[in-house]
Amino acid sequence: MQVLMHPIGGCLFMWTLIIQLVLQGSGVYADDATKNCKLTFESESERKVLQRIEPLSHKNFTAETKIGEDKYSYVFQLCGDAGGVPGAGVIQVEGQKTEKKVTVIGMYNATEVIGGSDYVWLVYGNGEKYDTHCSQEQRKAILMIFCNRNLNVGQLEVVQENREREQNCFYQFKIESSAVCPALEYKLSTGSILLIIAFCLLTVYLIGGFLYQRLIMGAKGMEQFPNYAFWTEVGNLSADGCDFVCRSRDREEPPTYTGVSTEPLDEDPDERDDHLLPM
Ligand SMILES: *[C@@H]1O[C@H](CO)[C@@H](O)[C@H](O)[C@H]1NC(C)=O
Ligand SMILES: *[C@@H]1O[C@H](CO)[C@@H](O)[C@H](O)[C@H]1NC(C)=O
């Protein structure tokens, strides 16, 4: 049976491809990390968008900025406690190791997501209130995740802190990741998958059967085809079936066209165009 390894190996590749596609399609790979996010407006479509950025979960992303002499660092986590602060999706850490001031920018129990073909925007609301700015509203973080095929998951970058507004201020961040890239689809329809499976099974059947008949049963010629007798029988039966169904007149009766003779023409076909040839 060693010889069977080759066709099976070829098929194995196709099978892995098929299983991968099926699993991707049904989202079996998604683990439960994004479920910890509570959507402000729960909907299935937003859940789907959230699942696209699943590869970013279970990771503290950090970034630093300097405003004058003041150093700020930020920590982001997808649907998990950023920097270990319970409920926080994004935190800001001000100052040095000795005197740290932690401010929660956004919480993941107030999540909104917006998805496009090659980006996902994640919004965390419910942050700590501003002291004086922005009508003392709650802070909010906007994370823009852009497609970059060369990066599995990139670095967190601070884009801006916009608090020069009366309302709707926000902290804006950016991450690049291949997770939000549109799939390079060699998209297979269900039909073509079935066709590949059928072809695969047929190959294994034919080659395996052929080798079995030849090497083990010692068959020769047409007999080497697996289940030769069965298939000839099937062929005969379907021919009979077709004969029965498709034929419009009885096979035994001669055709009875009126006006046209069924006899062959008397003229000898060889002599008919002899006069065209120069003698
Ligand atoms: C994130 O950082 C906090 C504080 O440093 C730590 O307790 C936690 O385990 C980290 N989480 C992950 C997933 O790395
Ligand atoms: C999120 O959690 C915080 C603190 O636990 C709570 O005050 C707030 O009401 C929660 N928000 C939502 C939308 O559940």
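Each value, and the rule that gives it
- Residues numbered from 1 in each chain as written.
- Chains lettered and ligands numbered in written order.
- Predicted model: local features only at pLDDT ≥ 70, side-chain atom pairs only at ≥ 80, totals over all residues.
- Heavy atoms only, no water.
- UniProt positions renumbered as here; feature names shortened; annotations may be inferred.
- Helix = DSSP H or I, 4+ residues; strand = E, 2+ residues; numbered from the N terminus.
- Pairing = 2+ DSSP bridges.
- Axes fitted to C-alpha atoms, helices over the stretch in contact; angles between N-to-C directions.
- Near = heavy atom within 4 Å.
- Areas by Shrake-Rupley, 256 points an atom, 1.4 Å probe, with all protein chains shown as cover.
- Nonpolar A, V, L, I, M, F, W, Y, C, P; charged D, E, K, R; others polar.
- Polar contact = N/O pair within 3.5 Å; in protein donor to acceptor, adjacent residues only side chain to side chain.

In the annotation of an unreviewed UniProt entry, the protein is listed under the name Cation-dependent mannose-6-phosphate receptor and assigned to Hippocampus comes.

Caption draft 1: Structural detail: the UniProt feature "transmembrane region" (unreviewed entry) in the protein. Here the UniProt-annotated "transmembrane region" (unreviewed entry) positions come out as residues 191-212. Between the end C-alpha atoms of residues 191-212 the distance is 31 Å, and the span holds 100% helix and 0% strand.

Caption draft 2: Quick look at the sheet that holds strand 7 (residues 141-147). The five strands lie next to each other as 5-6-7-9-8, forming an open sheet whose pairing is mixed. In the strand order of this sheet, the two ends are held by strand 5 (111-116) and strand 8 (157-162), each with one partner. Recorded for the sheet is a direction-independent mean angle of 15° between the axes of neighbouring strands. Summarising the sheet, strand 8 and strand 9 (residues 170-177) pair through five bridges and their orientation is antiparallel. Residue pairing across strands places Glu 157 opposite Lys 174, the latter belonging to strand 9.

Caption draft 3: Just the site of ligand 1, in detail. Around ligand 1, the surrounding shell consists of His 58, Asn 60, Gln 77, Gly 83 and Gly 84. Contact with the protein chains hides 40% of the accessible area of ligand 1, taken as 360 Å² for the molecule alone. Its residues assigned to classes, the shell around ligand 1 comprises no nonpolar, five polar and no charged.

Caption draft 4: How the structure looks around the site of ligand 2. Every residue near ligand 2 is listed here: Lys 38, Asn 109 and Asn 126. Taking Lys 38, its side chain carries an N or O atom lying 3.2 Å from an oxygen atom of ligand 2. At 3.0 Å, a side-chain N or O of Asn 126 approaches a nitrogen atom of ligand 2. Notes on ligand 2: free accessible area 360 Å², of which the protein chains cover 37%.

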